[in-house]
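Spelled out, the chains give:
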Amino acid sequence: NAPENNSKCISIFCSTCQQTIQPHHLLHHKKTHKALTLLGFDSPQTKTDKETLLAQRQKLISKLTKSPKYSETQRQKIDYSFEFLMDNHIPTSYCEPVNINNPSMFFKVNNSLIKALAICQDKNFAWQGDMEDRFIVLDNYGNRSDTCFLGLVDGTHGATAAETVAAELPLLFLDQLAQIDSSYKKSKEGQQILDSFDTVIKADYREKEMVFSDEPGNDKTNTYERIHRAYAKSFWRMDRLLQLGRNEVSKVRWSGCSVVTCLVERIPSKQTDGTEEGGREHSENTIQSPLTRAAKGAAGLLHIANIGNVHAVLCKNGKSHCLSREHSTSNVSERKRILQNGGNISANEPDGLVEGYLRTTRGLGHHGDPALKRSVIPVPYTISVLIDDTCQFLILASNGLWEVLDYNEVLALTMKTFTHCLRMYERIQQDQTSPQKCQYLMPFTEANLNDSKATSDQQDVTEVLCSNKDMFLTDLKGNLKQTKPTSSMMRNYLQRKDGELLQTVSPADSESPSPFERDAETYPSRCKPQTAGRGRVTSETLYGNTAKYIGEQLVKTALAAGSRDNITILIALLNGCDKI
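- Naming follows an unreviewed UniProt entry, where the protein chain appears as PP2D1 protein of Urocolius indicus.
- The Sequence similarities (unreviewed entry) field of the UniProt record for the protein chain holds the comment "Belongs to the PP2C family."

1. A short note on the overall build of the protein chain
So, step 1. Scanning the protein chain from terminus to terminus reveals 16 helices and 16 strands.
So, step 2. Here the protein chain holds 580 residues, and 53% of them are scored as buried.
So, step 3. When contacts within the protein chain are restricted to residue pairs at least 6 apart in sequence, long-range pairs at least 24 apart make up 73% of them.
So, step 4. Only carbon and sulfur atoms are counted for the fraction: they give 49% of the accessible area of the protein chain, which is about 26900 Å².

2. Describing helix α16 (residues 539–560)
So, step 1. A rise of 1.5 Å per residue sets the reference length of α16, with its 22 residues, at 32 Å; its end C-alpha atoms lie 31 Å apart and thus fit the reference within 8%.
So, step 2. Extensive coverage of α16 is indicated by the burial of 18 of its 22 residues.
So, step 3. Phi turns positive one or two residues past the end of α16, at G562, with a value near 100 degrees.

3. As for the environment of A159
So, step 1. Mapped onto the fold, A159 is located in the loop between β6 (147–156) and α4 (160–180).
So, step 2. C-alpha of A159 to C-alpha of R134: the two residues are 25 residues apart in sequence and 8.2 Å apart in space.

4. Focus: the packing of aromatic side chains
So, step 1. Counting across every chain of the model gives eight aromatic pairs.
So, step 2. For the ring pair F173 and Y231, a centre distance of 4.1 Å and an interplane angle of 5 degrees mean the geometry is stacked. With F173 in helix α4 and Y231 in helix α7 (residues 223–242), this residue pair connects regions lying 58 residues apart in the sequence.
So, step 3. Exposure remark for F173: the relative accessible area of 0% places this residue in the buried category.
So, step 4. Look at Y231 and you get buried, because its relative accessible area is 1%.

Conventions used here
Residues numbered from 1 in each chain as written. Predicted model: local features only at pLDDT ≥ 70, side-chain atom pairs only at ≥ 80, totals over all residues. Heavy atoms only, no water. UniProt positions renumbered as here; feature names shortened; annotations may be inferred. Helix = DSSP H or I, 4+ residues; strand = E, 2+ residues; numbered from the N terminus. Buried < 20%, exposed > 50% of the residue type's maximum accessible area, 1.4 Å probe, protein only. Contact = heavy atoms within 4.5 Å. Areas by Shrake-Rupley, 256 points an atom, 1.4 Å probe, with all protein chains shown as cover. Expected span 1.5 Å × (residues − 1). Phe/Tyr/Trp six-rings, centres within 6.5 Å; stacked < 30°, edge-to-face > 60°.

Below you can see the structure in the form of structure tokens.
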């Protein structure tokens, strides 16, 4: 049965119409927008009756039949949109919360730019038989402090290529970095693996790689461009190694993958001379943006490379900035490249498939099909971005998230969940010394499960996090606007000196609904203040649990919104998050 209060469902903002939508309504909601647009209605919020829809359909079909470019496919789209809107079937107002198979994982990284890092995955068993996503988290990358290497690999037609890339691409990239920066060091084991690749990367192949090298006598190539060249060369070599077909099962079509990687490195504040982007034919570029200009007092750099349909999004000053590019048949320039080079794109909806098989137009692997491989190239998009205290979140996610949510919707949900997390901590902090409210901090044991008052109070606390009250609204430009002022709850919480802090436990095996209830499990039922020496909610625990919870909410939302792919989300809380 549906609960009496539906506000316990997490809601998200539709970036098209700015309405608050529950996740299980989102797929139908977006189809409605698409159908209205296809029928020629200007406003996505247009409310139409049956007579208006019928008149508009007849008008469009009459115009289409008189056109010399009449298309039966376009006629079918008009009919489908008309029938969809006429049906007016709205999903049920409530659905059971979606459970994920694996809890979020917290990773401790030795990087002063990152407060916390967590990864959450779900196979999406309703649509997928295997988990083909892989992730990369390497701390002290290249034996350098304050440097880490992050990545997500989204496998296709098996996980073999994804597993190989996750294991070997970091080594190949480090090998290239060590040649341009002596501070990057390779381990003895890593060097042995790289030496074993010499039998594959032979002299004739190395000559082809000269396109990635600097022109003779060109000393003006800056560090950023060299890193982009290193990315391009390592992707190129990785694709060559996948051509060996190691561990591939199929003899007809081998596995492939999309990849997004991020090198996070600390820089002295004086080195803020802007950013550059790798050029020439071996690496795709982007135009200048607010992210690629000099930032006064920048603390670090993100070097991003992506290929395929996995993406990286940076939240800066409450706005989303996509740091990657979509390499799929929905990209007009990619379609043009494939067709001009003799490739084929099928008529499958919505945007067609390369050689009738694959939606992505760039990737690693896919060597089992020569025709497909001619079109799907291993050329990454690269960009370097300065980060400072205005940067709040970094999110890397596989296609399972992006196929149902856009960047602004993910950002709005992340900001909203993060703010709710701060409110929860603030409430627990205020309630821990109140004997009347100690039930908030009581664990669910067999004894108190029968206590309706304790159960009700615990649900009230959960409702604070999962309520439908909108913390942020988006304006017509997609910018977030806060509806209620929030104090510096994070800083106030961490700066308390009265010793009344909760004792913490590891949340790894907990299944309770929020990270804050996990922290409270070991708090004694008698609401006595804890002394400073008896355990604290440290900043690491606070940020770590928050990052894990945000990741879980994003995965649950994607599942509820109708995702049909594996979902993997890596979220890093950056230094600017505590200034929200």
